[in-house]
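Structure at a glance
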Amino acid sequence: MKYRHDIDGLRAVAVLAVVLFHLGLEEFAGGYVGVDVFFVISGFLITSIVARKVEHDAFALKTFYLRRVRRLIPALLATVVATTVVAAALMVPLDFAAYARSAVGAV
């Protein structure tokens, strides 16, 4: 698939909507919809990749999932490690214990 500027634009709008929602701006009270938009974009892109591979008889479920794991796990682990460092510095032990359970669940 060729690079699509329009999809990157939609991603930017989705992320901006979520960020502005979390800043508590009343004008963006529905900003959480940006998460839905992001999932739709991801679904479109992944379906396009799978459809093209199926057309060329080159789709393998194992390869599909291995690529996803190689792409997502490093970012997940980096996020959990960075968040854990900050949480350890800022949270009281009881809150940190609850956070740690969530971090383990995320991984």
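Right above here is the structure, for reference.
Figured I'd write up the structure that's included with this text. Worth saying up front: this structure is predicted, and the values here are computed from it rather than measured.

Glancing now at the environment of E55. Relative to the helices and strands, E55 is located in helix α2 (residues 33–55). Of the residues examined, E55 reaches a relative accessible area of 67% and is grouped as exposed. C-alpha of E55 to C-alpha of V107: the two residues are 52 residues apart in sequence and 34 Å apart in space.

Structurally, R68 is set in helix α3 (residues 61–90). For the buried R68, no salt bridge is present, and the opposite-charge side chain at shortest range is D8, 15 Å distant. In contact with R68, not counting residues within four places along its chain, are I46 and I49.

Our next topic: the packing of aromatic side chains. Applying the stated criterion across every chain, the model contains 4 aromatic pairs. Ring geometry for F96 versus Y99: centroids 5.8 Å apart, planes at 35°, classification tilted. Highlighted residues: F96 and Y99, both in helix α4 (residues 93–106), separated by 3 residues, approximately one helical turn. Exposure remark for F96: the relative accessible area of 25% places this residue in the partly exposed category.

Here we come to the pattern of salt bridges. For the structure shown, the criterion picks out 2 salt bridges. Among the ionic pairs, R4 bridges to D6, the shortest N-O distance being 2.7 Å. By relative accessible area, R4 is classed as partly exposed at 33%. What makes D6 partly exposed here is its relative accessible area of 44%. Notably, a salt bridge pairs R11 with D8, separated by 3.3 Å at the nearest N-O pair. With R11 and D8 both in helix α1 (residues 5–22) and 3 residues apart, the pair spans about one turn of that helix. The partly exposed category is assigned to R11, whose relative accessible area is 27%. You can call D8 partly exposed: its relative accessible area is 28%.

About the criteria used
- Residues numbered from 1 in each chain as written.
- Predicted model: local features only at pLDDT ≥ 70, side-chain atom pairs only at ≥ 80, totals over all residues.
- Heavy atoms only, no water.
- Helix = DSSP H or I, 4+ residues; strand = E, 2+ residues; numbered from the N terminus.
- Buried < 20%, exposed > 50% of the residue type's maximum accessible area, 1.4 Å probe, protein only.
- Lys, Arg positive; Asp, Glu negative; His and termini not counted.
- Salt bridge = Lys/Arg side-chain N within 4 Å of Asp/Glu carboxyl O.
- Contact = heavy atoms within 4.5 Å.
- Phe/Tyr/Trp six-rings, centres within 6.5 Å; stacked < 30°, edge-to-face > 60°.

Just distances and angles here, no functional claims.
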